[in-house]
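Chain and residue survey
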Amino acid sequence: MYDFLDRPVDSLSTDDRHLLDAMRAWVHALTLASEPAAAVAPRFADGGSAFDAAMRVLERDSTDTLVFQRPCHSTVEETEAVVLGLWRLVRSDLLAPALGAARLLVGDAAGAFVGAMQRAVGSADR
């Protein structure tokens, strides 16, 4: 998480930037009462279905209020840093630590969250 907190978005790796942009676009679409899956569909080979599933678990089962910035925000905020850290663990196939961290965010839905994240990582178009 601390690798990401308060960093300029432009300094992120391509993978991390892709996921941050997708998270922000998904949340922004949700706040506009649009279909969030449609907002991220072009970014993923599977049309964003796995990413959408992960974000829906996060939105539905989060144990606290999570705040994502607007797509144009120039730095990574706390919630975003935490979730980017989880994406990194999943991309690195470090599933036990990912599940442990996910339990803090979504409780009993951690398995579903990490599973959807795994599928999304495999379908990311960069």
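Attention here is on the structure that accompanies the text. (Residues numbered from 1 in each chain as written. Predicted model: local features only at pLDDT ≥ 70, side-chain atom pairs only at ≥ 80, totals over all residues. Heavy atoms only, no water.)

The terminal C-alpha atoms of helix H1 (residues 14-31) lie 26 Å apart, and with 18 residues this matches the ideal 26 Å at 1.5 Å per residue to within 8%. The complete set of buried residues in H1 reads Asp16, His18, Leu19, Leu20, Ala22, Met23, Arg24, Ala25, Trp26, Val27 and Ala29. At its buried positions, H1 is contacted by helix H2 (36-40), helix H3 (49-61) and helix H4 (78-91). Where H1 ends, the next residue or the one after it, alanine 33, has phi of about 60 degrees, a positive value. (Helix = DSSP H or I, 4+ residues; strand = E, 2+ residues; numbered from the N terminus. Expected span 1.5 Å × (residues − 1). Buried < 20%, exposed > 50% of the residue type's maximum accessible area, 1.4 Å probe, protein only. Contact = heavy atoms within 4.5 Å.)

Counting 39 residues, the largest nonpolar core has Met23, Phe51, Trp87 and Phe113 as the members making the most contacts within it. Those elements that provide at least two residues to this core are H1, H3, H4, helix H5 (95-106) and helix H6 (110-123). Look past the residues within four positions of tryptophan 87 in its chain and what remains in contact with it is Leu19, Met23, Phe51, Ala54, Met117, Ala120 and Val121. (Core = buried A, V, L, I, M, F, W, Y, C linked by side-chain atoms within 4.5 Å.)

Let us now look at the side chain of glutamate 80. Relative to the helices and strands, glutamate 80 is located in helix H4. Classification of glutamate 80 as buried rests on a relative accessible area of 0%. From its side chain, glutamate 80 meets the backbone nitrogen of glutamine 69 in a polar contact 2.8 Å long. (Polar contact = N/O pair within 3.5 Å; in protein donor to acceptor, adjacent residues only side chain to side chain.)

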